[in-house]
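# Descriptive analysis of the structure
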Amino acid sequence: MRFREVIRAPFWLITFIYFLFLSLVVAVWAAIGNQPAFITWVVCTVLIVLIALKTTLELEVDENEFRAGAAHIELRYLGQATALDSKAMGRLRTRDADPASHLIFRFWQSTGVKVEINDPRDQTPYWLITSKRNKELAEILNG
C-alpha cells in the first residue's frame, strides 16, 4: 500500500445530528410517552452510528489501483493529478464543475485532488476527490 487516508465526519457534525435526533425523541416522549420515546432513542442511536460509518471515505493507492470509496480505477488510466486548495476545490464543486465528472467529496473537508481520466471507454473527464493530504496524494498519483 503506497497511500491510505480515511476521512471521517467531524465530531461536531455527528453531535449536531444526534442532538437533532434527540429533539425528535423529546417530541415523541411529550406526545405519547416513555416506551415509544425509548424505542425512538434506540433507533436514533443506531441511525447516528450508521451515518458515522457510511460517511467515512477511504482513499487507497496500491501498486495497480486507486480506490476512492466504492469507486476504483487502474493507475494506467489516470492522467494528471492536481492538488486543489479550498478556493479551487470550491469552484470545481460548483460553477466550474463538469456534469460528466465523478465527484467523491465530503462537504466538511475543503481541500482535494482533481484526477484526469485517460480511458477511451470512459466518458468521465476527471474525478474530484476530497483529501486532507491532497499534495501527497497528487504526488503519488503522478509519480
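Let me sum up the structure you'll find in this document. Since this is a predicted model, take the numbers as computed values, not measurements.

## A closer look at the overall build of the chain
The number of helices and strands found in the chain is four helices and eight strands. The secondary structure elements of the chain, listed N-terminal to C-terminal, are β-α-α-β-β-β-β-α-β-β-β-α. In terms of overall dimensions, the chain is more spread out than a globule: its C-alpha atoms have a radius of gyration of 19 Å, far above the 15 Å expected for 143 residues. With the principal axes as the frame, the chain shows a C-alpha extent of 60 × 35 × 30 Å.

## Some words on the sheet that holds strand β1 (residues 3-7)
With respect to topology, four strands assemble into an open sheet ordered β1-β2-β3-β4, the strand pairing being antiparallel. With one partner strand each, in any of the chains shown, β1 and β4 (71-74) form the two edges of the open sheet. On average, each strand axis in the sheet is inclined to that of its neighbour by 10°, with strand direction left out of account. Pairing analysis gives five bridges linking β1 to strand β2 (residues 57-61), with the strands arranged antiparallel. When the bridges of β2 are listed, Phe3 appears paired with Val61. Lying over the sheet, helix α4 (residues 134-142) contacts β1, β2 and β3 (65-68), oriented at roughly 35° with respect to β2.

## Overview of the pattern of salt bridges
Tallying each qualifying case throughout the model produces nine salt bridges. The shortest N-O distance in the salt bridge between Arg67 and Asp62 comes to 3.3 Å. For Arg121, the salt bridge identified is with Asp119, shortest N-O distance 3.4 Å. The exposure class assigned to Arg121 is exposed, which follows from its relative accessible area of 65%. Judged by its relative accessible area of 13%, Asp119 is buried. Put simply, Arg4, Glu58, Glu60, Asp62, Glu65 and Arg67 are held in one network by salt bridges that share partners.

## Some thoughts on the nonpolar core
Membership of the largest hydrophobic core comes to 22 residues, with the highest contact counts inside it found for Leu59, Phe66, Trp127, Ile129, Leu137 and Leu141. Taken together, the elements giving at least two residues each to this core come down to β1, β2, β3, β4, β5 (78-84), β7 (112-117), β8 (126-130) and α4. Among the elements that take part in this core, α4 stands out by supplying four residues, more than any other. Non-local contacts of Leu137, meaning those with residues more than four positions away in its chain, are made with Phe3, Leu59, Val61, Phe66, Val113 and Ser131.

Conventions and cut-offs
- All residue numbers refer to position in the chain's written sequence, counted from 1.
- Under the rules for a predicted model, residues below a pLDDT of 70 receive no local features and side-chain atom pairs below 80 are neither given nor counted, while totals for whole chains, interfaces and linings still include all residues.
- Each side-chain value is derived from all of the structure's non-hydrogen atoms; neither hydrogens nor water enter the calculation.
- Helix and strand definitions follow DSSP, with helices as H or I runs of at least four residues and strands as E runs of at least two, each counted in order from the N terminus.
- Based on C-alpha atoms, the radius of gyration is set beside the globule rule, defined as 2.2 Å times the residue count to the power 0.38.
- For two strands to count as paired, DSSP must find a minimum of two bridges between them.
- Simply put, an axis is a line fit to the C-alpha atoms, just over the touching stretch for a helix, and the angle between two N-to-C directions goes from 0 to 180 degrees.
- We call two residues in contact when some of their heavy atoms are within 4.5 Å.
- Salt bridges are defined as contacts in which a side-chain nitrogen from Lys or Arg sits within 4 Å of a carboxyl oxygen from Asp or Glu.
- Between buried and exposed lies partly exposed: a residue is buried under 20% and exposed over 50% of the maximum accessible area for its type, with that area taken using a 1.4 Å probe on protein chains only.
- By nonpolar core is meant a set of buried Ala, Val, Leu, Ile, Met, Phe, Trp, Tyr and Cys residues that side-chain atoms within 4.5 Å join together.

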